[in-house]
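Chain by chain, the residues:
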Amino acid sequence: MIKYIVFDFDGTLADTFDVIKNIAMNEYGEYDIDVELFKSEGAKGMLKMLNIPRWKIPGMILNVTNKLRNSKNIKLFPGIVDLLINLKKDYKIGILSSNSKEIINDTLKEYDIENLFEFVYSESSLFGKHSVLKRMCSKHNIDPLEVIYVGDEDRDIIAAKKANFKSIAVTWGFNSKEKLSRENPDYLVDSPMQILEALQSLHE
């Protein structure tokens, strides 16, 4: 039985695509960073297609992630607040993200929804997000079989499967619908309220 809905933050709850794109272009303007290529291939795929040396890629991603941690005035996607309020009626809600806990909490406070969440778990997932999901469960005494993880990237789906979670992939974030569907998430949704519909189907 599902008791916890755990969300990724960037690209799932928060609209940080333009922030990250601008960071990447400022830091690595010598490369032709293509937005559509980013969405269809993901960060690592795009960097490989730009013929960037493989050894540079982890450091570049980590650099952009660290710069993101200093971003301010992050906005949530339309419909997210209503979704979270509805979910709170029947589930416990958490966040797992590589963004900083301070930035996440500041954003939640801006929308006056920080009290909706059981926890905010912040840890870099550069070397395997499934391991981070498992550590989150251990820290908060959560059974993986009681969790659905909601994310916007193929790596979120892959990590959820490795951690024995069910998954919901959202199409308004960092990866295209086609890229997400290739990983066969349990649910693939085009709007926040479709998450409620997906969860309702679990009880039918």
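What comes next is a walk through the structure. Treat the numbers as computed from the prediction; the structure is a model and nothing was measured.

Reading the values: rules and limits
Residues numbered from 1 in each chain as written. Predicted model: local features only at pLDDT ≥ 70, side-chain atom pairs only at ≥ 80, totals over all residues. Heavy atoms only, no water. Helix = DSSP H or I, 4+ residues; strand = E, 2+ residues; numbered from the N terminus. Buried < 20%, exposed > 50% of the residue type's maximum accessible area, 1.4 Å probe, protein only. Contact = heavy atoms within 4.5 Å. Areas by Shrake-Rupley, 256 points an atom, 1.4 Å probe, with all protein chains shown as cover. Core = buried A, V, L, I, M, F, W, Y, C linked by side-chain atoms within 4.5 Å. Salt bridge = Lys/Arg side-chain N within 4 Å of Asp/Glu carboxyl O. Pairing = 2+ DSSP bridges. Right-handed = clockwise from strand over helix to strand, strands pointing away. Axes fitted to C-alpha atoms, helices over the stretch in contact; angles between N-to-C directions. Parallel < 35°, antiparallel > 145°, perpendicular 65-115°, else oblique. Left-handed = near helix turned anticlockwise from the far one by under 90°. Nonpolar A, V, L, I, M, F, W, Y, C, P; charged D, E, K, R; others polar.

## A few points about the overall build of the protein chain
At step 1: The number of helices and strands found in the protein chain is nine helices and six strands.
At step 2: Among the 204 residues that make up the protein chain, the fraction classed as buried is 50%.
At step 3: Long-range contacts, defined as pairs at least 24 residues apart, comprise 65% of the intrachain contacts of the protein chain with a sequence gap of at least 6.
At step 4: With an accessible surface of roughly 10,200 Å², the protein chain has 47% of that area assigned to carbon and sulfur atoms.

## Concerning the nonpolar core
At step 1: Counting residues in each nonpolar core, the largest one holds 34 residues, and the members touching the most others are Phe-7 and Ile-195.
At step 2: Val-6, Tyr-121, Leu-133 and Ile-142 belong to the second-largest nonpolar core, a separate cluster that totals 16 residues.

## A few points about the pattern of salt bridges
At step 1: Per the stated rule, a full pass over the model turns up nine salt bridges.
At step 2: Among the ionic pairs, Asp-8 bridges to Lys-129, the shortest N-O distance being 3.3 Å. One end of the pair, Asp-8, is in the loop between β1 (4-7) and α1 (17-27); the other, Lys-129, is in helix α6 (residues 129-140), and 121 residues separate them in sequence.
At step 3: It is possible to trace a salt-bridge network through shared partners that takes in Asp-8, Lys-129 and Asp-156.

## Overview of the pairing of strand β4 (residues 147-151)
At step 1: In terms of burial, β4 is a largely internal element, five of the five residues being buried.
At step 2: The alternating pattern of β4 places Val-147, Tyr-149 and Gly-151 on one face and Ile-148 and Val-150 on the opposite face, and all of these are buried.
At step 3: Pairing between β1 and β4: four bridges, direction parallel. The residue of β4 that forms the bridge with Val-6 is Tyr-149.
At step 4: Relative to strand β5 (residues 166-170), β4 is paired through four bridges, and the arrangement is parallel. Bridge pairing in β5 links Ile-148 to Lys-166.
At step 5: Between β4 and its parallel partner β5, the chain crosses via helix α7 (residues 154-162), and the hand of that crossover is right-handed.

## Concerning the packing of α6 against α7
At step 1: For the pair α6 and α7, the least separation of the axes is 8 Å and the interaxial angle reads 55°. The orientation of α6 relative to α7 falls into the category oblique. The handedness of the crossing between α6 and α7 comes out as right-handed. On the side of α6, the interface is formed by Lys-129, His-130, Leu-133 and Lys-134, while α7 contributes Arg-155, Asp-156, Ala-159, Ala-160 and Lys-162.
At step 2: Here the residues of the contact of α6 with α7 are counted per class, giving three nonpolar, one polar and five charged.

## So, the sheet that holds β5
At step 1: The sheet built from six strands is open, its strands ordered β3-β2-β1-β4-β5-β6 with parallel pairing. Lying at the two open borders of the sheet, with one neighbouring strand each, are β3 (117-122) and β6 (187-189). Taken over all neighbouring pairs, the strand axes of this sheet differ in orientation by 20° on average, direction set aside.
At step 2: In this fold helix α4 (residues 80-88) packs onto β1, β2 (92-97) and β3, with an angle of close to 155° to the strand it touches most, β1.

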